[in-house]
Amino acid sequence: MRTTTAFLIAGLAVTSAAIAQETVIENATVLTVTGETLSPGAILIRDGKIAEVGATVTVPDGAEVIDASGRFVMPGIIDAHSHIAAESINEGSVAVSSMTGTGDVVDPYDVNIYRELAGGVTTSNILHGSANPIGGLNVVIKHRWGADAAGLVLEGAPPGIKFALGENPKRSRGMPAGVEQRYPATRMGVQDVIRQAFIEAEAYRQEFADYEAAKARGERVLPPRRDMKLEPLVEILEGTRLVHAHCYRQDEILQLLRVAEEFGFQIATLQHVLEGYKVANEIAAHGAGASTFSDWWAYKVEAYDAIPHNAALMTERGILVSINSDSSEEARHLNQEAAKTVKWGGMTEEQALKMITINPAIQLGIDDQVGSIEVGKDADLAIFDRHPLSTYAVNQMTFVDGEMLFSREKDRAMREAMAAERAELEEKLSEGDAAEGGPGRRGGPRRGPREGVRR
């Protein structure tokens, strides 16, 4: 016997209170992103994974069935640049803060986790801020609203780190009042800090290589002193930690690519990269991805040459491009931000959807788990009432690991219940005030200034 959840005019009416082990979404237009679009299409979710995808799927006994007639199902949106769910993001007192990390300050109570679920976002890359040429370590989270801090972390996501170029690191933002301005103060200095840090990291790596060689020869030697600032940089040199670099201008982009190539490592993503279209060939040759804004422009001097065609021009040159938010508000409509690449850059709908799903998943090294609707991947899904690239599209339901963590109808019912409870409590307070002679007399008779006070 099957339990059916139907889309009603008012929204989604969910009849099953418990989380079903098996869920079927049927009669939808399924935007798989990496395969063909299925219309009608269906998805079978089992134990948090996508078990079947097709025009029709098996409907197991006892499964919850969602009739998504007239609706569009897409992979959960992935934000490659976010600062939500973090108690703090900038350690601005030093130029190199690679010993710090946002994973240590994950805040599972940040309401933006839920608000972004409402917009269809299921995964976010939580980055350190841009106060430092080499910033802190990142953490990739799933929007598992209700989980604790450890439960938000996406298992298996490759570790990363934040770099930053341009105005932010050279202005030494985050310095406490009265503290002398730290180096660097120019773009030259920013590149020097990065280069010097990797010179030190190479020497540090060699110390451990020499130590291991001495041990192998049977010598009794002490291990080198550990340096938590340099260890992440050694991981970069060895290709086990991803670099996500905040940047705007073409000159600083080229400077960073040259430094990376000097030390033999690759930049994973150039973040924002507003002048990427000017040096797209060089970025493509290096192999870096680009995670940019849709159309942010002129909010500071180094952003004056930003254009809304940037994502499309970089895509045409062979760069893997994603659209990010860098904003808890912007993230709630990343689907519409991606749609701007269709208007301004002539991208296809499929290309636009990839920029907020499979492309950022590849950039973060998590495309084996999320980013498309494929058998075996996590059941992270968003169900829209119209095509997600429509200006009028509104997300109705969001699943993370097969669990429905947002439903517009449930949210509406919750808000109505809270409003009713508030009204009931206010009415009781008013009645109490009236019975006791007005406000200020609740909690017993009023005492004089010295009554009941012992000396």
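Okay, so let's go over this structure. Remember, predicted model here, so these are calculated numbers, not experimental data.

1. Brief notes about the nonpolar core
No. 1: Among the nonpolar cores identified, the biggest contains 71 residues, and Phe163, Phe198, Ile267 and Leu270 are the most heavily contacted of them.
No. 2: Listed in part, the 17 residues of the second largest apolar core include Val30, Ile43, Val73 and Met397.

2. Describing the packing of aromatic side chains
No. 1: Across all of its chains, the model carries 11 aromatic pairs by this definition.
No. 2: On the basis of an interplanar angle of 35 degrees and a centroid distance of 5.7 Å, the ring pair of Phe198 and Phe263 is categorised as tilted. Taken together, the positions of Phe198 in helix H4 (residues 187–216) and Phe263 in helix H6 (residues 250–263) put the pair 65 residues apart, joining distant regions of the chain. Phe263 shares its class with Phe198; the two are buried.
No. 3: A ring pair is formed by Trp296 and Tyr299, whose centres lie 6.0 Å apart and whose planes are at 85 degrees; its orientation type is edge-to-face.
No. 4: Here the basic side chain of Lys343 rests over the ring of Trp344, its NZ or CZ set 5.1 Å away from the ring centre.

3. Side note on the pairing of strand E18 (residues 395–400)
No. 1: Most of E18 is tucked away: six of the six residues are buried.
No. 2: As judged from the four bridges shared by E18 and strand E19 (residues 403–407), these two strands associate in the antiparallel manner. The residue of E19 that forms the bridge with Phe399 is Met404.
No. 3: Counting the residues between successive antiparallel strands, the hairpin from E18 to E19 contains two residues, one of them, Asp401, with a positive phi of roughly 55 degrees.

4. Thoughts on the packing of H4 against H6
No. 1: Two numbers describe how H4 lies on H6: the axes approach to 11 Å, and their chain directions differ by 15 degrees. In terms of their interaxial angle, H4 and H6 are classed as roughly parallel. Here H4 and H6 pass one another in a crossing that is right-handed. Residues Arg187, Gln191, Ile194, Arg195, Phe198, Ile199 and Glu202 of H4 form the contact with H6, whose participating residues are Glu252, Gln255, Leu256, Val259, Glu262 and Phe263.

5. Considerations on the sheet that holds strand E9 (residues 121–126)
Think of a sheet as strands paired side by side through backbone hydrogen bonds, with each pair either parallel or antiparallel.
No. 1: Read across the sheet, three strands follow the order E8-E9-E11 without closing on themselves; strand pairing throughout is mixed. Every interior strand has two partners, whereas the edge strands, strand E8 (77–82) and strand E11 (139–142), have only one. With direction set aside, neighbouring strand axes in the sheet form an average angle of 20 degrees.
No. 2: Relative to E11, E9 runs antiparallel, the two being bridged by four bridges. Paired with Ile126 across the two strands is Val139, which belongs to E11.

6. Things to note about helix H12 (residues 408–435)
No. 1: Under the 1.5 Å per step criterion, the end-to-end length of H12 is 41 Å for 28 residues, consistent within 8% with the ideal 40 Å.
No. 2: Gly437 occupies a position one or two residues after H12 and carries a positive phi of about 95 degrees.

7. Here we look at unusual backbone geometry
No. 1: Going from Ser39 to Pro40, the amide bond is cis rather than trans, its omega being 0 degrees.
No. 2: Looking at where Pro40 falls in the secondary structure, it is placed in strand E4 (residues 38–46).
No. 3: Here the amide bond leading from Tyr183 into Pro184 is cis, since omega sits at 10 degrees, within 30 degrees of zero.
No. 4: Within the secondary structure, Pro184 sits in the loop between helix H3 (167–170) and H4.

8. Focus on a nonpolar patch on the surface
No. 1: There is a patch of nonpolar side chains on the surface, built from Trp297, Val301 and Tyr304 and spanning about 400 Å² of accessible area.
No. 2: Mapped onto the fold, Val301 is located in the loop between strand E15 (289–292) and helix H8 (310–316).

9. Digging into the side chain of Gln396
No. 1: For Gln396, the location among the structural elements is in strand E18.
No. 2: Polar side-chain contacts of Gln396 include one of 3.2 Å to the backbone oxygen of Val394.

10. What to know about the sheet that holds strand E12 (residues 160–164)
No. 1: A sheet is described by the order of its strands in space; here six strands give the open sequence E10-E12-E13-E14-E15-E16, paired in mixed fashion. This sheet does not close on itself; its edge strands, each paired only once, are strand E10 (134–137) and strand E16 (321–323). In this sheet, adjacent strand axes meet at a mean angle of 25 degrees when their direction is disregarded.
No. 2: With three bridges joining them, E15 and E16 adopt parallel strand pairing. Each bridged residue has a counterpart across the sheet, and for Thr292 the counterpart in E16 is Ile323.

Cut-off values and rules
- All chains use their own residue numbering, which begins from 1 and follows the written sequence.
- Local features are withheld for residues below a pLDDT of 70 in this predicted model, meaning they are given only at 70 or higher, and side-chain atom pairs are given and counted only at 80 or more; totals for whole chains, interfaces and linings count all residues.
- Computation of side-chain values: all heavy atoms of the structure, hydrogens and water removed.
- To qualify as a nonpolar core, a set must consist of buried Ala, Val, Leu, Ile, Met, Phe, Trp, Tyr and Cys residues joined through side-chain atoms within 4.5 Å.
- Throughout this description, buried means an accessible area under 20% of the type-specific maximum (1.4 Å probe, protein chains only), exposed means over 50%, and partly exposed covers the range between.
- Note on aromatic pairs: the rings of Phe, Tyr and Trp (six-membered ring only in Trp) are paired at centre separations within 6.5 Å, and the planes decide the class, stacked below 30 degrees, edge-to-face beyond 60, tilted for the rest.
- Each helix is a run of H or I in the DSSP string that is no shorter than four residues. Each strand is a run of E no shorter than two, and both are numbered from the N terminus.
- Either the NZ atom of lysine or the CZ atom of arginine qualifies as a charge over a ring when it sits within 6 Å of the ring centre and within 35 degrees of the ring normal.
- Between any two strands, pairing holds if DSSP finds at least two bridges.
- Between the N-to-C directions of two axes lies an angle of 0 to 180 degrees, each axis being a line fitted to C-alpha atoms and, for a helix, fitted only over the stretch in contact.
- An angle counts as roughly parallel when it lies under 35 degrees, as roughly antiparallel when it exceeds 145, as roughly perpendicular when it falls between 65 and 115, and as oblique in every other case.
- It is the rotation of the near helix from the far one that decides the hand of a crossing: anticlockwise by less than a right angle makes it left-handed, clockwise makes it right-handed.
- Any two residues having at least one pair of non-hydrogen atoms within 4.5 Å are treated as being in contact.
- Helices are assigned an expected span. That span is 1.5 Å times one less than the residue count.
- Patches here: salt-bridge-free residues with over 30% relative accessible area, like charges joined within 9 Å, nonpolar side chains (Val, Leu, Ile, Met, Phe, Trp, Tyr) joined within 5 Å.
- Where accessible areas are quoted, they stem from the Shrake-Rupley method and a 1.4 Å probe; at the residue level, only the protein chains shown are allowed to cover.
- Take a side-chain nitrogen of Lys or Arg and a carboxyl oxygen of Asp or Glu: if they are within 4 Å of each other, that pair is a salt bridge.
- Two N or O atoms count as a polar contact when they lie within 3.5 Å, although within protein this holds only if one can serve as hydrogen donor and the other as acceptor, and sequence-adjacent residues are included solely when both atoms are side-chain atoms.

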